[in-house]
Each structure stands twice: as structure tokens, then as C-alpha cells.
Amino acid sequence: MPCTGHLATPGLRAPAAPPEPTVNIFQAPSPAPQPWPAPPPQPPAPGAPRDAWAGKHEFLLSCLGYSVGLGNVWRFPYLCYRNGGGVFLIPYFVMLFLTGLPLFLMELSLGQYGATGPVTVWKCCPLLKGIGVSMLLVSSLVSLYYTVILAWAFYYLGRSFQNPLPWSCGAPRNKPLCQNESGNVTGFSASETFWNEQVLGVTHSSGLGDPGAVQWPLALCLLAAWAVVFLCMLKGIRSSGKVVYFTATFPYLVLLILLIRGATLDGSIDGVRFYLSSDWSKLQSAQVWSDAASQIFYSLGIGFGGLLSMASYNKFDNNVVRDTLVIAVGNCCTSFFAGFAIFSVLGHMARTKQVPVGDVVDSGPGLAFVAYPEALALLPGSTFWSILFFLMLFTLGVDTLFGNIEGILTAILDEFPALRNGRRKTALLGAFCVTSYLLGLLLVTQGGIFWFTLIDTYSTGFGLIIIALFMCLGVAFCYGVNQFCQDIVDMICRCPPWCSRMLGYFKVCWVFFTPCLLLFTLIYTFLDLSGAAPRYGAYEYPAWGRNLGICVGVFTCLQIPLWAAAALGRESGTLSDRFQKATQPLRSWRTATARDAAEVVVIDVPFTITLTSSDLAGSYES
């Protein structure tokens with residue numbers, strides 16, 4: 001430790017030794033002044049520090065697995081053929097570039113820059129904290145019913161080890177349903193009967209008000225699905241980041257195998273031709289453009305908070321623009337590619353049954369658990385193909401569920417950092433899984449499919465679009481689109497020319513194109529809700545069920561104005577002053593910048609100064 005200087009001035013009592021001055025010869029120059037005060041040094045948060053991705057590929061695979069979900073397999077091909085075949089790709093890619101990419105980049109950038117979850121990140125604009133709470137509620141509802149799909153896939157996977165398959169015409173109990181071994185049907189098909197009677201038990205329920213008994217085989221499969229999720233997420237992104245190396249890549253391998261096998265089948269070209277048949281008149285329909293926007297929106301996982309949470313574990317200087325292009329374009333190409341694998345096999349089934357392809361095509365659970373299993377049952381080695389297909393469905397679903405639950409847990413842990421300690425975090429995850437399992441038992445009753453459809457229809461309907469609309473408007477006009485673009489440049493550091501041009505394009509989208517298209521989609525969604533009542537098969541939902549679904553959607557949206565009112569109430573002054581204060585970032589914002597700046601090595605070089613009486617004469621005389 002260096003010694004301090006001394007005074008050689010006789011007759012005067014030496015003052016107390018001054019603090020030792022230091023000179024920092026390695027510190028970078030001060031940054032340009034910001035529009036708000038620089039954040040003061042933050043005390044270390046209680047609890048364990050936040051996790052971080054072990055490698056770049058873990059983040060990319062996690063986001064790709066989160067975005068590429070069941071909708072890519074069971075919804076996009078159906079929408080494509082229903083909305084003009086290959087012509088549907090025009091509105092699809094228009095919506096991708098004007099709404100999908102801008103919103104995807106916005107979520108990734110918010111999470112990476114703020115290094116916090118979907119609730120705490122709104123320190124950048126406290127008025128909009130309700131957006132994060134709404135994301136939390138939507139993700140919780142989706143996780144509740146999405147795990148039921150995993151339970152169905154588990155059930156079918158277990159039954160796929162039987163030969164013949166229990167939903168095929170080769171099964172003894174299905175002989176009365178089949179005229180011959182080629183699979184022609186009378187009334188209901190063997191696959192449809194197996195789905196309704198043995199899996200769901202829906203034939204024993206009259207509707208929403210009659211849930212009936214729990215289907216215990218499904219309840220056990222649901223328990224197994226939650227157990228898998230719990231074990232894979234036990235260590236947070238450190239464990240789920242390793243699992244995605246398999247779960248995110250395995251579906252591509254299966255789709256490739258199914259495509260190659262489907263291409264060798266008789267009648268496969270009929271299915272592909274049906275998939276890509278062009279009807280240019282469909283472009284004049286607003287329904288086609290609304291379907292394209294909704295498919296882009298839900299397929300990319302925008303508005304759930306999962307993307308924002310996963311990006312919060314990135315390094316501060318990660319290139320989010322590049323990641324956005326890679327993940328979003330990869331997701332959309334997967335949807336298009338999956339259509340060939342699906343329709344080639346369905347074309348073969350239509351040829352075998354001697355019916356038009358349109359008569360065997362379905363969407364949603366009807367495609368994944370009725371039409372496609374029936375088509376696989378017609379193939380030689382059907383047991384093998386069935387095992388592959390349902391294992392692929394499970395991995396597709398579990399990846400999406402990882403993202404949703406990660407968003408929920410990140411939001412809670414960032415608000416209550418003390419819970420990050422190992423045992424408390426494990427207890428939180430366990431409590432969430434157990435609670436969700438118990439609530440999900442309603443969805444595996446004999447009437448559970450009616451509740452499943454109700455939650456699926458209204459939990460991710462207009463509410464999710466409103467969340468994204470307010471997020472876009474809030475960042476663009478409250479936080480400031482110029483400041484937001486500058487934040488992205490600060491993260492990328494060496495921003496290449498193409499990246500700068502892309503930011504100019506995204507700026508225009510955030511300010512004009514994206515909000516306008518979201519508003520169009522929202523209006524069309526409201527018009528659709530005001531039309532005919534939702535149905536499941538021949539069952540039409542009663543008015544009370546429809547109102548209940550609308551209340552669920554409204555409840556998620558209400559969080560935005562409620563938390564905005566709370567933020568205004570905490571401020572003082574006129575309403576205009578309160579609004580201005582509530583839209584200013586908090587002093588604790590930009591923690592990511594402070595965190596990375598703290599990693600710079602600064603060397604302080606001490607030195608000593610010896611003062612004489614002449615040095616102090618002026619100060620005493622004054």
C-alpha cells in the first residue's frame with residue numbers, strides 16, 4: 001500500500017492527511033449525455049445472479065424451437081390450401097416482413113438490452129408495465145392447455161407400439177367400421193372413432209356444462225408431460241439449453257424422412273398439387289390477409305414474453321438483427337417445408353380411399369390426431385412411422401412450452417430476485433408445474449375438449465394482438481423509436497452497413513406499417529367474434545360459454561390500463577406531468593449497459609504529493 005505525503009511547514013499544525021488522489025490512465029472517455037440521468041451504481045441484487053446462455057447456438061436453437069411449434073405442422077398447410085394454395089404465400093410473406101420481423105426484433109432487443117423479463121423490462125416506460133403482466137397471464141393460459149397436447153401425443157406414442165395400430169382398420173374392434181382393408185369407411189372412420197371414444201371420451205359428454213369423469217390414462221400422460229418439463233427446466237436455461245440440441249433438431253429430421261417416404265407413395269403428387277394449387281381471386285378476400293397475419297403472429301411466438309425472456313440471457317453485444325432474420329425466416333421456411341411432408345402422405349390416403357384430397361384434409365388436432373395417423377396406418381411399417389410422427393409432435397410442443405414457462409419464471413424471478421437461490425427456484429418451478437397439472441385435469445375429462453377449444457380460441461385471440469399493438473406503440477412513441485434504434489446500435493457495436501439500412505426499414509415499420517396492420521387484424525378478429533358462435537364438431541357453444549371466453553381475453557387486456565393508472569397515481573402534479581414522468585425510464589434502467597461496462601478492466605495508479613508551506617500560504621490568507 002503506498003504511503004501518503006506529509007507537510008514540512010514548521011509552526012503550523014499539519015492538517016489531516018487528504019484522501020489519496022488517483023489517476024485512471026485506462027478509462028474510456030465519458031459517453032455522450034443521455035436524455036435521462038445516468039443510473040447510479042446499483043447494489044447487488046439479493047439472491048443468485050441471473051443465468052446466461054452457455055453458447056450462441058443454445059439461444060438460437062431455443063428460439064427456433066420455441067417459434068417452430070405445432071402450428072407449423074397442423075395449421076399452416078391447412079391455411080395454405082384453404083386460402084388459394086401457393087397464392088397464400090404472397091400475403092404470408094408480406095405480413096412476415098411488415099409485422100412479423102419488426103415485432104420479433106422488438107421483443108429480442110427489449111429483452112437483450114434490459115437484461116430482464118417481460119415485466120421488469122418496462123422500467124424503460126413504467127406506464128406500460130401492464131403489457132408485461134398481460135404477457136404473463138397469456139403464457140400461463142397457453143401453458144395450461146398446451147401441455148394437454150403433449151399428453152395426447154404421449155398417449156398416441158404409447159399406443160403406437162401395438163401392431164396393428166389401434167386406430168387402423170386392422171385392429172379387431174374396428175372391423176365393423178371398415179368395409180375392407182383399404183380403409184374405406186362407413187359413417188365415422190376408425191381413426192376418428194378411436195380419437196373421440198377411447199382418447200377423449202367426448203361421446204359421454206353433452207358439452208361445457210357436463211365435463212364428466214377424468215380420463216385417467218390421459219391424466220397419467222399429463223402428469224408425465226409435466227414431469228418431463230420440470231426435469232428439463234430444473235436448472236433453468238442451463239438444462240433446457242442442452243435439451244434443445246435434440247428437441248429443436250429432431251423434428252427437422254422426421255419431416256425430412258416423412259417427405260422422402262411420402263414422395264415415393266402413389267398419389268403423393270395429388271396432395272402436393274392440391275397444396276400448391278393457385279387461386280388468384282383469393283387475394284381479394286380480407287379473410288386471406290387476416291389469416292396470413294394471424295399465422296405469422298402466432299407462429300413466431302410474438303406477445304407471449306418467451307422471446308423477450310430468452311433474449312435477456314444474451315450477451316449485451318449479441319447481434320439481434322442477424323438473429324431475427326435467421327430465426328424468423330427459418331421458422332417460415334419450416335412451415336412451407338412441413339406442408340409437403342403432410343400433403344404428400346394425405347394425397348396417398350386420398351388415392352387409396354378413392355376420394356378427393358379435400359375430403360381428408362383437416363387442421364389442428366383433427367389433422368395431428370385423426371387424419372394423419374389414419375394416413376400413416378395405411379403405410380407398410382406403420383408402427384415405425386407412427387412412433388416417429390408422435391415423437392416429433394412431442395418435441396415440437398415441449399420446445400414451445402420451454403419458452404412459455406421460461407417467460408413466466410423469468411418475470412417472477414426478476415421481480416423477486418431472492419427466489420433465484422437454488423432451492424427456492426426449484427420450489428417455484430415445482431409449485432407452478434403442480435398447480436398447472438391440477439388445473440389441467442379439467443381439460444382431460446370427457447368434456448375436456450370443449451374447454452380446451454374455448455381456452456384456445458379466446459386466450460390467444462384478440463388479447464394477444466392488443467398486447468403486441470400496445471407494445472409497438474409504446475416503444476415507438478413513449479420510449480422513442482430513435483432512442484430504441486440507438487439502443488440496438490449500442491448493442492451491436494460495429495454495425496455493418498446492411499444492418500444500418502435494416503434499422504431504417506424497421507423504424508418505418510414500427511411507426512406506421514406494423515401498428516396499422518395489427519389494427520386491421522384486430523378489427524377483423526372482432527368482426528369474426530361477433531359472427532357465428534364457435535363450434536367443436538356439431539356442438540355449438542352456448543352464450544354463457546362464449547361470454548366466459550370473451551371475459552378471459554378481456555381480463556388479460558385490462559392489465560394494461562390498470563397498471564397504467566397505477567403508474568400515473570404514483571406520480572405527482574397535473575395529469576400531463578404525471579404522464580410525462582410515467583413514460584420516462586427509471587434510474588435502474590439500462591442495467592445491461594452498466595453490467596457490461598463493469599466488466600472493463602480499469603487500473604488505478606496511485607501516486608504521492610509532498611506539499612510545502614508556500615503551497616498553502618494562499619489558501620490560509622484567503
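Given the structure is predicted, the values throughout are model-derived calculations rather than measurements.

### Notes on the overall build of the chain
Helix and strand content of the chain: 23 helices and four strands. Taken over 622 residues, the chain has a buried fraction of 52%. Contacts in the chain between residues at least 24 apart in sequence constitute 84% of all its contacts with a sequence separation of at least 6.

### Things to note about the side chain of asparagine 319
Within the secondary structure layout, asparagine 319 lies in the loop between α12 (306-311) and α13 (320-353). A polar contact is formed between the side chain of asparagine 319 and the backbone nitrogen of valine 321, at a distance of 3.2 Å.

### A closer look at the state of the cysteines
The full count for this structure, using the stated rule, is zero disulfides. Lacking any disulfide linkage, cysteine 509 is separated from the closest cysteine sulfur, that of cysteine 472, by 9.0 Å. By relative accessible area, cysteine 509 is classed as buried at 0%.

### Digging into the side chain of glutamine 559
Tracing the chain through its elements places glutamine 559 in helix α20 (residues 543-570). Using a relative accessible area of 10% as the deciding quantity, one classes glutamine 559 as buried. In this structure glutamine 559 touches Gly130, Val133, Ser134 and Leu137, once residues within four positions along its chain are discounted.

### A closer look at the nonpolar core
Residues Trp152, Leu346, Phe369, Ile488 and Trp510 are the most contacted members of the largest nonpolar core, which totals 180 residues. For this core, the leading source of residues is helix α18 (residues 462-492), giving 18 residues. Setting aside chain neighbours within four positions, we find tryptophan 510 in contact with Pro102, Leu103, Leu105, Met106, Cys472, Ala476, Val481, Phe484, Cys485, Ile488 and Pro515.

### Focus: the environment of valine 94
If you trace the backbone, valine 94 turns up in helix α4 (residues 89-114). Overall, valine 94 belongs to the partly exposed group, its relative accessible area being 31%. The spacing of valine 94 and alanine 293 is 199 residues in sequence and 8.8 Å in space, taken between C-alpha atoms.

### So, α18
If you check α18, its first and last C-alpha atoms are just 34 Å apart, much less than what 31 residues at 1.5 Å a residue would give, namely 45 Å. The sharpest bend along α18 comes to roughly 100°, located at glycine 480. Extensive coverage of α18 is indicated by the burial of 23 of its 31 residues. Phi for cysteine 493, located one or two positions after α18, is positive at around 65°.

### Comments concerning the pattern of salt bridges
Any two side chains of opposite charge can pair if their charged atoms end up close together. Applying the stated criterion across every chain yields a total of 14 salt bridges. Across the pair lysine 242 and glutamate 58 runs a salt bridge whose closest N-O atoms are separated by 2.9 Å. Note that lysine 242 is positioned in helix α8 (residues 237-247) and glutamate 58 in helix α1 (residues 56-67), a separation of 184 residues in sequence. A relative accessible area of 3% places glutamate 58 in the buried class.

### Comments concerning the environment of threonine 99
Mapping threonine 99 onto the fold places it in helix α4. Distance in space between the C-alpha atoms of threonine 99 and leucine 517 is 7.2 Å, their sequence separation being 418 residues. Beyond its immediate stretch of four places on either side in the chain, threonine 99 contacts Ile296, Thr514 and Leu517. A distance of 2.5 Å separates the side chain of threonine 99 from the backbone oxygen of methionine 95, its partner in a polar contact.

### Quick word on helix α11 (residues 286-299)
Here α11 is 14 residues long and its end C-alpha atoms lie 20 Å apart, about the 20 Å a rise of 1.5 Å per residue gives. The element α11 is extensively covered by neighbouring structure, given that ten of its 14 residues are classed as buried. Among all positions in α11, only Val288, Ser290, Asp291, Ala292, Ala293, Ser294, Gln295, Ile296, Phe297 and Ser299 are buried. Between the side-chain oxygen of the N-cap and the backbone nitrogen of glutamine 287 there are 3.2 Å, and the N-cap of α11 in question is serine 285.

### Let's talk about the packing of α18 against helix α19 (residues 497-529)
To characterise two packed helices, one gives the angle between the axes of the helices and the distance between these axes. Running from N to C, α18 and α19 cross one another at 175°; their axes reach a closest spacing of 9 Å. In terms of orientation, α18 lies roughly antiparallel with respect to α19.

### Description of the confidence of the model for the chain
Put simply, the chain has an average pLDDT of 84, and 85% of its residues get 70 or more. Note on residues 1-45: pLDDT under 50 across the span, and 50 contacts to partners over four residues away in sequence or across chains. This stretch, residues 180-186, has a pLDDT under 50; its non-local contacts, to residues over four places away or in other chains, come to 17 contacts.

Reading the values: the criteria
- Residues numbered from 1 in each chain as written.
- Predicted model: local features only at pLDDT ≥ 70, side-chain atom pairs only at ≥ 80, totals over all residues.
- Heavy atoms only, no water.
- Helix = DSSP H or I, 4+ residues; strand = E, 2+ residues; numbered from the N terminus.
- Buried < 20%, exposed > 50% of the residue type's maximum accessible area, 1.4 Å probe, protein only.
- Contact = heavy atoms within 4.5 Å.
- Polar contact = N/O pair within 3.5 Å; in protein donor to acceptor, adjacent residues only side chain to side chain.
- Disulfide = S-S within 2.5 Å.
- Core = buried A, V, L, I, M, F, W, Y, C linked by side-chain atoms within 4.5 Å.
- Expected span 1.5 Å × (residues − 1).
- Bend = angle between axes of the 7 residues up to and from the residue.
- Salt bridge = Lys/Arg side-chain N within 4 Å of Asp/Glu carboxyl O.
- Axes fitted to C-alpha atoms, helices over the stretch in contact; angles between N-to-C directions.
- Parallel < 35°, antiparallel > 145°, perpendicular 65-115°, else oblique.
- pLDDT = per-residue confidence, 0-100.

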